[in-house]
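One letter stands for each residue in the lines below.
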Amino acid sequence: MRTRDHLFVSILSLCLSASSLTPAALAAEPSETGNAAKMESAGTVENAAVSATSPQAPAVQTMKRPRVALALGGGGTRGAAHVGVLKVLTEAGIPIDCIVGTSMGAIVGGLYSAGVPLDDLMTRFEDGRLMKTFMTVPLSVRVVVAPIMVLPRAFGHHPYDGLYKGNKFRKYLNNSVSEYERKIEELKIPFRAVVLNLVDGKPYALSEGNLGYALQASSAVPGLRKPVQIGDNLYVDGGVVANVPVSFAKELNPDIIIAVDVDERFDKVPLKTFTKIGSVSERVVTLQLANIDKQQCKDADILIHPNVDGIGLISTSKKEARQALEAGQKAAQEALPAIKAKLAEFGITAAVPSANETK
């Protein structure tokens, strides 16, 4: 793992908590202009989810097949595996009726839901554009100049904590889709981006408003990226509490949930592993993410877990991006029999069109 990845996981390990918070079935509405976001309590989220997808209600009522949701997990560059999974599922005719994503899973799922072609998404990983825009300045450089960035505080300017703002990344994401696909509620496939609200300490699924703001918020890694203010709420990466957001996918009332976990596997390693710089932080992050996602993954009908071991979280390597893509394709191919068997339980024995192919 490169030095920048060691720095990244060191920051992330300080911010993750596997037990202090639990996922809540909540939803929020981001506002592009910064007006107060509408937030639903746990007792009313089901109605919120229904109203958010009400334009699709007639189609759902006439469907003669099960409704399938994807829950895409966070994982930085490893998230290229999501593209591989989507490629296999779409080619096999597996329906994709709604997508819920966290962090990189939200980025891939949100752009795909807005109509960005899978080949285009893969190219963005391979040529490094996506990650280079996410990390506009090398992490090692940003850490070195961090003391200088604190100086404005001496003159009364008090920005939110974090090394990167993420505004350029938000603009990049919005510019990746047409102006007609920049509202979450108008996407081709119903979509949710999972975040954590620092104000009340609860996780939310952003279901309306500007897509770029939602994806910026869902990937705002605490300590690394500044939190994103939407109205009176302050959001960070939802991976802190629901890195594989199965619980939020359930709120959309699907018949089948396919979860994609792009974390490294937590296997035994030799003692000498921890003599390397950054190895302890890396191990802690892997453990914490595994603990956070354990129950979420259990609650999925189908779990796809590509082998992305060794791929850096913020790598811009074309080789590693291709490795993640191929890992996603391989894992999805291996999962196809189980997916088709699940569909068969609902009487579906042949390939069927996905939501974005029927609208």
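> Even after reading the chapter, I still don't get the side chain of Asp-237, so can you show me in this structure?
Topologically, Asp-237 is positioned in strand β8 (residues 233–237). Arg-225 provides the closest opposite charge to the buried, salt-bridge-free Asp-237, at an N-O distance of 8.2 Å. There is a polar contact of 2.7 Å between the side chain of Asp-237 and the backbone nitrogen of Gly-239. Those residues in contact with Asp-237 that lie beyond four places of it in its chain are Thr-102, Ser-103, Leu-196, Ala-217, Ser-218, Ser-219, Ala-220, Val-221 and Pro-222.

> Even after reading the chapter, I still don't get helix α5 (residues 104–113), so can you show me in this structure?
Within an α-helix, residues lying three or four positions from one another point in the same direction, as the helix has 3.6 residues per turn. Counting buried positions along α5 gives 10 out of 10 residues, so the element sits mostly inside the fold. Buried within α5 are the following residues: Met-104, Gly-105, Ala-106, Ile-107, Val-108, Gly-109, Gly-110, Leu-111, Tyr-112 and Ser-113. Positive phi appears at Gly-115, one or two residues downstream of α5, with a value of about 100°.

> Got a minute to help me understand helix α6 (residues 118–126) in this structure?
Taken together, the buried positions of α6 are Leu-118, Leu-121, Met-122, Arg-124, Phe-125 and Glu-126. On the buried face of α6, the contacting elements are α4 (80–91), α5, α7 (129–134), α10 (167–175) and α15 (318–344). Once α6 finishes, Gly-128 follows within two positions and takes phi at roughly 80°, a positive value.

> Just checking my understanding: could you explain the packing of α4 against α6 for this structure?
For any two helices packed against each other, one specifies the crossing angle of their axes together with the interaxial distance. Close contact between α4 and α6 brings their axes to 10 Å; oriented N to C, the two are set at 160°. Taken together, the axes of α4 and α6 are roughly antiparallel relative to one another. The handedness of the crossing between α4 and α6 comes out as left-handed. Facing α4, whose interface residues are Ala-80, Val-83, Leu-86, Lys-87 and Thr-90, α6 presents Leu-118, Asp-119, Leu-121, Met-122 and Phe-125. Its residues assigned to classes, the contact of α4 with α6 shows seven nonpolar, one polar and two charged.

> Would you mind going over the side chain of Asn-233 with me for this structure?
One can find Asn-233 in strand β8. Side-chain polar atoms of Asn-233 contact the side chain of Tyr-235, separated by 3.4 Å.

> Is there a simple way to explain the nonpolar core in this structure?
When a protein is soluble and globular, its nonpolar side chains tend to lie buried together. Judged by nonpolar contacts, the single largest core of 74 residues is most densely connected at Phe-125, Phe-191, Ile-258, Ile-304 and Ile-339. With 10 residues, the top contributor of residues to this core is α15. Excluding residues that lie within four positions of it along the chain, Phe-125 makes contacts with Gly-76, Thr-77, Gly-79, Ala-80, Val-83, Met-104, Val-108, Leu-130 and Ala-321.

Rules and cut-offs
- Residue numbers restart at each chain and count upward from 1, following the sequence in its written direction.
- Only residues with pLDDT of 70 or above have their local features reported here, since the model is predicted, and side-chain atom pairs are shown and tallied only from 80 upward, although totals for entire chains, interfaces and linings are computed over all residues.
- Neither water nor hydrogens contribute to the side-chain values; these are computed over all heavy atoms in the structure.
- Each helix is a run of DSSP H or I of at least 4 residues and each strand a run of E of at least 2, with the numbering of both proceeding from the N terminus.
- When a residue's accessible area, from a 1.4 Å probe over protein chains only, is under 20% of the maximum for its type it is buried; when over 50% it is exposed; and in between it is partly exposed.
- His is not counted, nor are the chain ends, whereas Lys and Arg count as positive and Asp and Glu as negative.
- Definition used for salt bridges: Asp or Glu carboxyl oxygen within 4 Å of a side-chain nitrogen of Lys or Arg.
- Pairs of N or O atoms within 3.5 Å make up the polar contacts considered here, provided that, within protein, one atom can donate a hydrogen while the other can accept it, and that residues adjacent in sequence are counted only when both atoms are side-chain atoms.
- The contact rule is simple, with two residues in contact once any of their heavy atoms fall within 4.5 Å.
- Interaxial angle, 0 to 180 degrees, is taken between N-to-C directions of lines fitted to C-alpha atoms, where a helix line uses only the stretch in contact.
- With respect to orientation, any angle under 35 degrees is reported as roughly parallel, any angle over 145 as roughly antiparallel, any angle of 65 to 115 as roughly perpendicular, and every other angle as oblique.
- By definition, any crossing whose near helix is turned counterclockwise from its far helix by less than a right angle is left-handed, and any crossing with a clockwise turn is right-handed.
- We call Asp, Glu, Lys and Arg charged. Ala, Val, Leu, Ile, Met, Phe, Trp, Tyr, Cys and Pro are nonpolar, and the rest, Gly among them, are polar.
- To form a nonpolar core, buried Ala, Val, Leu, Ile, Met, Phe, Trp, Tyr and Cys residues must be joined to one another through side-chain atoms within 4.5 Å.

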